[in-house]
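# Survey of secondary and tertiary structure
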Amino acid sequence: MLLLLLLQVLASCLWLGHSEVVTSFESSCPQFFFRETPPNEALEPENPAWICQRYKNQYYFATLYDRSRRIPVYSAYLYQPGPGKRPKTWLVEPQLMGPTYPKTMEREYTLLNHFSVSLDQLSESQAILQDYKNLTGLNRGHLNPNGHHHDTNSRTATFTLTNIVPQNEKLNSGAWNNYEQQTMIKRTQGCNTTYVVVGAVPGNNYIAKGRVNKPSYLWSSACCEVDTNHRKSWAVIAENDKNEVQLLTLGELEDVLTQLYGRDQVSLFDSNCPRE
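The structure contained in this document is the topic of the report that follows. Every value quoted in this text rests on a predicted model; they were computed, and no experiment measured them.

Another point: the state of the cysteines. The tally for this structure, following the rule as stated, stands at three disulfides. The disulfide bridge from C29 ends at C52, spanning 2.1 Å between sulfur atoms. Where C29 bonds to C52 through sulfur, the torsion about that S-S bond is close to -85°, and the disulfide is left-handed. With C29 in the loop between helix 2 (25-28) and strand 2 (48-55) and C52 in strand 2, the pair connects residues that are 23 residues apart, well separated along the chain. Relative accessible area serves as the criterion here: at 0%, C29 is assigned to the buried category. The class of C52 is buried, set by a relative accessible area of 0%. What pairs with C191 in a disulfide is C224, and their sulfur atoms sit 2.2 Å apart. Judged by the torsion about the S-S bond (-100°), the C191/C224 disulfide is left-handed.

Below, the structure written as structure tokens:
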């Protein structure tokens, strides 16, 4: 029995290719990116984690996570909105602590009470619920919004703190919400498949005593396949202290992000997605 248990632990350590925190999106969950091509390395933080967001043993989207700033760099998903209730349960990512932990997102309570994890141990690897308590003028802003998903499980999967940033309260419920709901409905008319990459540019301010970065900008980009020969794209960016969203072409957003990050030219989608 002991030998069997040891073998199971060893297998979970070696099974990185199927775990939540993966070595690359291309090898583990490429389906969330147009032509299976994630954004290039120009956005990568110093301490990245590639997460194929798994809930109830299924992948629902992909997130590049900044372990040091404890916020996502971007989340990528397929736009498939549907009716349904907003989930209430917040989840965290056990795999950020190490490969021996569960491969699916869990509640803090479950990890603390059933996996002998301490809150200190959990908070070392990621943002926790306590970090988002008692905020003034900010709230928990989804990158990948639950309203862009069509069933209970896919909506619940967006309620992981690895998909959340401190977002200006007025922006989150105002102009950004209007983009997520109204503009996306109009823009996706005639689209068969819409690939979305939505992200946050790190800022100079932090919440939770310096633990969690407050992004300076939020942005979103979409590549829509109308049919096999026709595609269209669009993008937006918003400063995280104003209730305004600026509509851009995909090429314009990539250029703005290139300036903001000050590194190589940013590419968010495969070159077959139009930049104009």
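Here the narrative resumes, following the displayed structure.
Spatial ordering of the open sheet is given by 1-2-3-4-7-10-11-12, a layout of eight strands whose pairing is antiparallel. Of all the strands in the sheet, the pair left with one neighbour each is strand 1 (21-22) and strand 12 (246-248). The pairing of strand 10 (residues 217-227) with strand 11 (residues 230-239) spans ten bridges and is classified as antiparallel. In the strand pairing of strand 11, Y217 is matched with E239. Running at roughly 165° to strand 11, helix 7 (residues 175-187) makes contact with strand 7 (193-201), strand 10, strand 11 and strand 12 of the sheet.

Throughout the structure, instances matching the rule amount to five salt bridges. In this structure, R54 and E20 form a salt bridge, with 3.8 Å as the shortest nitrogen-oxygen distance. One end of the pair, R54, is in strand 2; the other, E20, is in the loop between helix 1 (2-14) and strand 1, and 34 residues separate them in sequence. The two residues R54 and E20 agree in class, both being buried. A salt bridge links E239 to K242; the shortest N-O distance between them is 3.2 Å. Relative accessible area serves as the criterion here: at 30%, E239 is assigned to the partly exposed category. For K242, a relative accessible area of 38% corresponds to the partly exposed category.

So, how was this worked out
- Residues numbered from 1 in each chain as written.
- Predicted model: local features only at pLDDT ≥ 70, side-chain atom pairs only at ≥ 80, totals over all residues.
- Heavy atoms only, no water.
- Disulfide = S-S within 2.5 Å.
- Helix = DSSP H or I, 4+ residues; strand = E, 2+ residues; numbered from the N terminus.
- Buried < 20%, exposed > 50% of the residue type's maximum accessible area, 1.4 Å probe, protein only.
- Pairing = 2+ DSSP bridges.
- Contact = heavy atoms within 4.5 Å.
- Axes fitted to C-alpha atoms, helices over the stretch in contact; angles between N-to-C directions.
- Salt bridge = Lys/Arg side-chain N within 4 Å of Asp/Glu carboxyl O.

Limitation: the analysis is restricted to geometry and does not speak to function.
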